[in-house]
Amino acid sequence: MTDTERTAEKSDAGGSTSGRVLRKAGRFEHYFNSRSRLNLTGYVVVSARYTHTSGSSLNKPLLFTALEDVIRRYVALAARFVPASPEGMWVALPVVDLNRVVMFVEKDSADLPTLLEELFVQPLEFLEDMPLWRLVVLRDGTVVYAYDHTLGDGQSGLAFHHNLLASLRSIRDPLLEHAGIVSSLPKDAALTPALEEATDTTVPFMMMVRELSKHFFPFLDRKKGRAWSGYPVQQPSTLVTTVRLLEYTPEQTSSLIKLSRDHKATLTSTIQGLALSVLSPLIYTTPANGQYKYLCTAIPMSLRRVTGAPPSATCNHVSVHFIYHPLSHSPPDTGTALIKESFPWDTASALTATLRDEAPRSAPSVGMFKYLFGKYDDYCLGMLGKKRSAGLSVSNLGAFPDPSQAGEDAQWRIQETHFVQADATLGAALKVNAVGTAVGGLGISITWGSGAVDVELAEAFVKNFDEGLRMLAE
């Protein structure tokens, strides 16, 4: 028996560690776990509406059967995080009770924004006999997969629906009843390696000096001091989040992608360019914002191409790129009428090139967590009351990886898809999250935390962003 396995038989302040140890936790996972346990962040959500060509509904026995298959193949869904000293670990649950994990509600997708706002305000639960995810199923087949960021990145939400759809399509003889108990998991099931184990996160000396200097001498980061980032991080913290959902047809999405490619840009950089164009004049109209010269955008970048994690995996393999753009301090024009003519394609194409170059070599930025020396809680709590790291975040999960099959296997389909992050306390003032739908459309969520930004500005941003994107798609 290894030392780690012996530790698994004991218990500590992090809770009981009984159960089969899957692997040690990574520093990046510890960081997200601290945020969650301190109630500084809420669920990450990826929702999808499931339909059947016959009009059949996604009933409980069928869903539970498919979920059991997914859980048996992907043990992350039957795992819990134990922040045990000194390293922490992931432990397999002996049983997953789907009756406690899955909730069916008498609502449909029209109620989704309100449902998500109610979900986000609920603190995450860390129970010894429960996994780190929940499912809410609406009567129109919309499945809301909500999970702790410790468990996975945004791509992990897409992976869940990809795997669930494949399992639904594989069921030949649906059960009439399912007790909802998933037990006797495969003994050889393994978690995807932690980011620090999957790739080299060694921090170059000059990066370490630069980042530590910014931390201890913030005045050296001159652009950050002059960048708009909404109001300071809330103190006390909040989970209250406003959610706005936007949807675009496959034809509009195809047009946006083509337009982006024609200008040597990606959809992500086009969304960021539009957000910058819309937000700048709104910031300008507030006299108190006259001091700001820049907008800092946080853009998450998937590291799966670097770590080798497949699209079907549940893991946290992501880094973040921060970029500053000058604010346009000119009066706003008449709404979005001039966006198509004056769109900053040079900015969008430059960002595309930057992200392409930065993503493969950005893992060392995650390696900086080594220099917290385990003081994750202190680091997270130290952000309260301070200036936000970004005024805007733009995240794009890309196209939905539909496990396409021919014939009857493809009778289950996925329609609308949404990716939603709350992160009300520590996140950017405004968050724009995009994901492609399985039918080629686009779902975008825009969220902001209570007290992060003026509500009037946020609502105007949503309206003008939506109008601008539809105008670009014409």
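Residues numbered from 1 in each chain as written. Predicted model: local features only at pLDDT ≥ 70, side-chain atom pairs only at ≥ 80, totals over all residues. Heavy atoms only, no water.

You'll find the protein entered in an unreviewed UniProt entry as Alcohol acetyltransferase, with Lentinus tigrinus ALCF2SS1-6 given as the organism.

Q: I'd like to hear about the side chain of Gln-234, residue by residue, with values.
A: Among the secondary structure elements, Gln-234 is positioned in the loop between β12 (227-228) and β13 (241-248). Looking at Gln-234, the relative accessible area reads 9%, which means it is buried. Within the local environment of Gln-234, its side chain forms a polar contact with the backbone oxygen of Ala-424, the two atoms lying 3.4 Å apart. Setting aside anything within four residues of it in sequence, one finds Gln-234 in contact with Leu-384, Gly-385, Arg-388, Ala-424, Thr-425, Gly-449, Ser-450, Gly-451 and Ala-452. (Helix = DSSP H or I, 4+ residues; strand = E, 2+ residues; numbered from the N terminus. Buried < 20%, exposed > 50% of the residue type's maximum accessible area, 1.4 Å probe, protein only. Polar contact = N/O pair within 3.5 Å; in protein donor to acceptor, adjacent residues only side chain to side chain. Contact = heavy atoms within 4.5 Å.)

Q: Describe the pattern of salt bridges, listing the residues and the values that go with them.
A: Counting across every chain of the model gives 18 salt bridges. Here Glu-459 makes a salt bridge to Arg-244, at a shortest N to O gap of 2.7 Å. Placement of Glu-459 in helix α17 (residues 455-473) and of Arg-244 in strand β13 is noted, with a sequence separation of 215 residues between them. For Arg-244, a relative accessible area of 29% puts it in the partly exposed group. With a shortest N-O distance of 3.3 Å, Glu-358 and Arg-361 are connected by a salt bridge. According to the relative accessible area criterion, Glu-358 is partly exposed, its value standing at 25%. Residue Arg-361 is classed as exposed on the basis of its relative accessible area, which comes to 54%. Several salt bridges share partner residues, and in doing so they unite Glu-106, Asp-108 and Arg-139 into one network. (Salt bridge = Lys/Arg side-chain N within 4 Å of Asp/Glu carboxyl O.)

Q: I'd like a description of the domain arrangement of the protein, backed by residues and values.
A: The assigned domain composition of the protein is domain 1 (20-190) and domain 2 (203-473). Taking only C-alpha atoms, the centre of domain 1 and the centre of domain 2 are 25 Å apart. Across the contact, 55 residues belong to domain 1 and 54 residues belong to domain 2. In this assembly, domain 1 packs against domain 2 so that about 5,100 Å² is buried in total across both faces, 62% of it on carbon and sulfur atoms. When the area that domain 1 buries against domain 2 is broken down by residue, the three leading residues are Phe-28, Leu-40 and Arg-169, summing to 16%. Taken together, domain 1 and domain 2 are joined by four salt bridges. The closest approach of N and O atoms between Arg-35 and Asp-423, which form a salt bridge, is 2.9 Å. The interface formed by domain 1 and domain 2 includes 22 residue pairs in polar contact (both at pLDDT 80 or more). Counting residues per element, the ones that place at least two in the side of domain 1 that touches domain 2 are α2 (27-37), β4 (44-52), α5 (112-120) and α6 (154-170). (Domains from an automatic or database assignment. Buried area = accessible area lost by both parts, 1.4 Å probe.)

Q: Which residues make up α5, and what are the values?
A: Of all the positions in α5, only Leu-112, Leu-115, Leu-116, Leu-119 and Phe-120 are classed as buried. Along α5, the residues classed as buried sweep out an arc of 130 degrees about the axis, all on the same side. Among the structural elements, β4, β8 (102-105), β9 (133-138), β10 (142-147), β13 and β17 (412-421) are those in contact with the buried residues of α5. (Arc of directions from axis to C-beta.)

Q: How would you sum up α6? Please name residues and give values.
A: Every α-helix carries 3.6 residues per turn, so stepping three or four residues along brings you back to the same face. In this model, α6 (17 residues) spans 25 Å end to end at C-alpha, consistent with the 24 Å of a helix rising 1.5 Å per residue. Counting buried positions along α6 gives 13 out of 17 residues, so the element sits mostly inside the fold. One side-chain oxygen of the residue at the start of α6 lies 3.3 Å from the amide nitrogen of Gln-155, identifying that residue as Asp-153. (Expected span 1.5 Å × (residues − 1).)

Q: Account for the sheet that holds β4, with residues named and values stated.
A: Ordered in space as β8-β9-β10-β4-β17, the five strands form an open sheet in which the pairing is mixed. The strands lining the two open edges of the sheet, one partner per strand, are β8 and β17. On average, each strand axis in the sheet is inclined to that of its neighbour by 20 degrees, with strand direction left out of account. The sheet contact formed by β4 and β17 spans eight bridges and is antiparallel. Looking across to β17, one finds that Val-46 is bridged to Phe-419. Packed onto the sheet, helix α3 (residues 60-73) meets β8, β9 and β17 and runs at close to 155 degrees relative to β8. Seen against the sheet, α6 touches β4, β9, β10 and β17 and runs at an angle of roughly 25 degrees to β4. (Pairing = 2+ DSSP bridges. Axes fitted to C-alpha atoms, helices over the stretch in contact; angles between N-to-C directions.)

Q: Just give me the short version of the packing of aromatic side chains, but keep the residues and values in it.
A: Applying the stated criterion to the full structure yields 16 aromatic pairs. Their ring planes at 50 degrees and their centres at 5.6 Å tell us that Phe-28 and Phe-369 sit as a pair that is tilted. Highlighted residues: Phe-28 in helix α2 and Phe-369 in the loop between α15 (363-367) and α16 (376-381), separated in sequence by 341 residues. On the numbers, 6.4 Å between centres and 80 degrees between planes, the contact of Tyr-294 with Tyr-324 is edge-to-face. Of this pair, Tyr-294 sits in strand β14 (residues 294-302) while Tyr-324 sits in strand β15 (residues 318-326), and the two are 30 residues apart along the sequence. Taking the relative accessible area as the measure of exposure, Tyr-294 reaches 19% and is therefore buried. Residue classification places Tyr-324 among the partly exposed residues on the basis of a relative accessible area of 21%. Here the basic side chain of Arg-37 rests over the ring of Phe-126, its NZ or CZ set 4.4 Å away from the ring centre. (Phe/Tyr/Trp six-rings, centres within 6.5 Å; stacked < 30°, edge-to-face > 60°. Lys NZ or Arg CZ within 6 Å of the ring centre and 35° of its normal.)

Q: Any details on the side chain of Ser-34? Residues and values, ideally.
A: Examined against the element boundaries, Ser-34 turns out to sit in helix α2. Side chain to side chain, Ser-34 and Asp-377 meet in a polar contact 2.8 Å long. Setting aside anything within four residues of it in sequence, one finds Ser-34 in contact with Tyr-376, Asp-377 and Cys-380.

Q: Give a detailed account of the sheet that holds strand β6 (residues 89-92), specifying residues and quantitative values.
A: An order of β3-β6-β5 is seen for the three strands of this open sheet, with the pairing classed as antiparallel. In this open sheet, the two edge strands, each paired with only one partner strand, are β3 (21-24) and β5 (79-82). This sheet shows a mean twist of 25 degrees between the axes of neighbouring strands, independent of strand direction. In this structure, β3 lies alongside β6, joined through three bridges in antiparallel fashion. When the bridges of β6 are listed, Arg-23 appears paired with Trp-90. The sheet strands contacting α2 are β3, β5 and β6, and the helix crosses β5 at an angle near 85 degrees.

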